[in-house]
Amino acid sequence: MADCAQPVSPRLGIGAAILVAALILGTLAAVALRAEPGRGLGSSDWAALRFTLIQACLSAGLSVALAIPVARALARRRFRGRRLLISLLGAPFILPVIVAILGLLTVFGRAGWFSSGLALLGLEPVQIYGLHGVVLAHVFFNLPLATRLVLQGWQEIPAERFRLAAQLGADARAMRQLLEYPMLKRIVPGALAVVFAICLSSFAVALTLGGGPRATTIELAIYQAFRFDFDLGRAALLSGLQLILTGAAALVAVRVAAGEGFGTGLDRPLQRWDGSTAAARLVDGLWIVLAAGFLLLPLSAIVLAGLPGILTLTGAVWMAALNSIMVAALSTVVLLLLALPMATAVALGRGGMIEVAGILGLAASPLVIGTGLFIVIYPIADPFALALPVTALVNAVMALPFALRILVPRARAVVGRYGRLALSLDMRGLAFVWRVLLPRMRPQIGFAAGLAAALSMGDLGVIALFADPEFATLPLQVYRLMGAYRMEAAAGAALLLLALSMAAFWILDRGGRWHAEA
């Protein structure tokens, strides 16, 4: 369709996609050009590939399988605290990874709460290290994200469809076949692909919970190639392998997520006649309680461990917190400037390469991108002086795939419903964006911005490459305190980091859904 027949031009989105692709592929090329050619994968690399695929498949399958009944229960029930629980569903995914792992170890570790309970029953403690520990941590991080994605699909079914099905005498089984299964068929493959791609790039989880060479992911192998061997050729080869794996997952997600939805309704309150029985209420309540417990216990452990140390925080910790806030704010602005035009271009039918460019952030390791930027910047400027903007830029690119998955479906719906109407009124360009597109995408924009801000707040990868001893963000400061065995201060700083990440996500997500249906 020609640009003149569209309410807004896709050119800005195409330009943003070119910038993203140039950044990621350019940095990969910079690393590859510094590497020694002619080396293939070794036995340890094949082992890392096998472990990466196994843990990613198990993690994605378990996360989405558990998310379906949890999302269904949240879609059918209205109770006090429901909005707070939905907001908390974003907590594990946006938690700084090292902080979350400390919480999981406190609950599920060998000397943790769960093992202590088993000991009272005369049972052996839980072994959290190895494949099962990595999968457990990935399910903890990704179950809430999968629940939010599936719940969004449930909320897109108009209330009138359920009312019509009830008037026609459809029972619970018929409603599942008529309404829920088609929605799940459209939403679940995309959720599986997103979680699978996230688990492909696992680094900190495998580093802390993996069992050595037999439990090493490709991301961890890339880090080892940089950190211990400085073997840029092996790192570039592994990065290319990761790019292929995640690109395949992205293509599957794009292909299966292109189905039609249920259309729009009249925004009437949702009533679920299939959930009115006592058995349905019991099952829904059980899933909600189990999910809330799995989510809240590690978070509670972090709070209990950090409270004594929060009173001992030094000026360096508060300065690091200020640096983290600036990095998160700048990263969020950059993300929205990239993601909104790209999502709009995809909604106008210019997907394909734009979506591939957007998903590249999942495939490329942040460590590889950071190293590539270091190689590019070093001859012309001081990389350490650019630590803050470089960290914000890489964090924005890393969050871009998630933002597009959130923004594109809504952008398609808005353009499809209001595009022709706007053209009939000669409303184009900025007027369409300002008066039609942005107001109707406000909840999705708030969710994407909150996600980006919290992820950037907890990033430890890129800043570790660029920061000098005098500069630190809060995650790096926590890491330095742990390295100095000041564990009480580290726990206090970790609690502060947790509070800042949650506050950034809540303010932006809540702000986007203000006066809108959650």
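Residues numbered from 1 in each chain as written. Predicted model: local features only at pLDDT ≥ 70, side-chain atom pairs only at ≥ 80, totals over all residues. Heavy atoms only, no water.

1. A look at the pattern of salt bridges
Using the criterion set out here, one finds 5 salt bridges in the structure. In this structure, the salt-bridge partner of R428 is D426, at a minimum N-O distance of 3.2 Å. The class of R428 is partly exposed, set by a relative accessible area of 38%. A relative accessible area of 56% means that D426 is categorised as exposed. When salt bridges that share partners are traced, they join R76, R77 and D284 into one network. (Salt bridge = Lys/Arg side-chain N within 4 Å of Asp/Glu carboxyl O. Buried < 20%, exposed > 50% of the residue type's maximum accessible area, 1.4 Å probe, protein only.)

2. Notes on the packing of aromatic side chains
Applying the stated criterion across every chain, the model contains 5 aromatic pairs. Residues F108 and F114 carry aromatic rings whose centres are separated by 6.0 Å and whose planes lie at 55° to one another, so their mutual orientation is tilted. In this structure F114 comes out as partly exposed when scored by relative accessible area, which is 42%. Considering the side-chain rings of F447 and F505, the 5.9 Å spacing of their centres and the 75° angle between planes classify their relative orientation as edge-to-face. A residue pair is termed long-range when its members are at least 10 positions apart, and F447 in helix α19 (residues 442-457) and F505 in helix α22 (residues 487-512) qualify at 58 residues. Both residues of the pair, F447 and F505, count as buried. Following the ring pairs from residue to residue traces out a cluster consisting of F108, F114, F140, F141 and F294. The ring of F447 carries the charged tip of R148 above its face, separated from the ring centre by 4.2 Å. We note R440 situated over the ring of Y418; from NZ or CZ to the ring centre the distance is 4.5 Å. (Phe/Tyr/Trp six-rings, centres within 6.5 Å; stacked < 30°, edge-to-face > 60°. Helix = DSSP H or I, 4+ residues; strand = E, 2+ residues; numbered from the N terminus. Lys NZ or Arg CZ within 6 Å of the ring centre and 35° of its normal.)

3. Let's talk about α19
Given 3.6 residues per helical turn, the α-helix brings residues three or four places apart onto the same face. Between its first and last C-alpha, α19 extends 22 Å over 16 residues, near the 22 Å set by a 1.5 Å rise per residue. Burial of α19 is extensive: 14 of the 16 residues sit out of reach of the surface. (Expected span 1.5 Å × (residues − 1).)

The values reported here are purely geometric and, on their own, carry no functional implication.
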